[in-house]
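Report on the structure
Here is how the chains run, residue by residue.
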Amino acid sequence: KRLDLNDLIVNDVYSTFYFRYSGVPVHGIQNNDVLVIDRSVEPSEGDLVVTIQNKNFKIQEYQNSVDLWGKIVWVLSKK
């Protein structure tokens, strides 16, 4: 069987989103990495998440944020 990334990384197709990161490295995430965000997964303290601050997305460690947009479940990097 051919390997299908959707079978490996997508838990819920309706709540999974892909972002291409653009910016300075943060939390090990590099410029042009692809982030897989699952909005249906409840993060735990210290997980990397995407929050919304001043109408902008921000990557940070989860700390009971009310501005939570979704949990980063995978980071795809080109090596």
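None of the values given here were measured: they were computed from a predicted structure. Along each chain, residue indices are assigned from 1 in the same order as the chain's sequence is written. Local features in a predicted model are, by the rule used here, given only for residues with pLDDT of at least 70; side-chain atom pairs are given and counted only at 80 or more, and totals for whole chains, interfaces and linings are based on all residues. Hydrogens and water molecules were not included; the side-chain quantities draw on all heavy atoms of the structure.

1. Concerning the overall build of the protein chain
Keep this limit in mind: Put simply, DSSP H or I for four residues or longer makes a helix, DSSP E for two residues or longer makes a strand, and each gets a number counted from the N terminus. The globule rule is 2.2 Å times the number of residues to the power 0.38, and the radius of gyration it is compared with is taken over C-alpha atoms. Whether a residue is buried, partly exposed or exposed follows from its accessible area with a 1.4 Å probe, protein chains only, as a fraction of its type maximum: under 20%, in between, or over 50%, in that order. The criterion used for residue contact is that any of the two residues' heavy atoms lie within 4.5 Å. Residue burial considers only the protein chains on display, and all accessible areas are found by Shrake-Rupley using a 1.4 Å probe. The charge count treats Lys and Arg as positive and Asp and Glu as negative. His and the chain ends do not count. All charge positions are set by atom: Lys at NZ, Arg at CZ, Asp at CG, Glu at CD.
If you tally the helices and strands in the protein chain, you get 1 helix and 5 strands. In sequence order, the secondary structure elements of the protein chain are arranged as α-β-β-β-β-β. A compact globule built from 79 residues would reach a C-alpha radius of gyration of about 12 Å, and the protein chain, at 13 Å, matches this within 12%. Based on the C-alpha atoms only, the size of the protein chain along its principal axes is roughly 45 × 25 × 20 Å. The 79 residues of the protein chain split such that 29% are buried. Looking at the protein chain alone, contacts between residues at least 24 apart form 39% of all its contacts between residues at least 6 apart. Accessible area of the protein chain: about 5800 Å², with a carbon and sulfur share of 49%. Positive and negative charge centroids in the protein chain, built from 9 and 10 side chains respectively, lie 10 Å apart.

2. What about the sheet that holds strand β1 (residues 16-20)?
Stated precisely, the cut-off is as follows: In this analysis, strands are considered paired if DSSP registers two or more bridges between them. The angle between two axes is taken between their N-to-C directions and runs from 0 to 180 degrees, where each axis is a line fitted to C-alpha atoms and a helix contributes only its stretch in contact.
Here 5 strands make up an open sheet; going across it, the order is β1-β2-β5-β3-β4 and the pairing antiparallel. This sheet does not close on itself; its edge strands, each paired only once, are β1 and β4 (56-61). In this sheet, neighbouring strand axes are inclined to one another by 35° on average, regardless of whether the strands run parallel or antiparallel.

Just distances and angles here, no functional claims.
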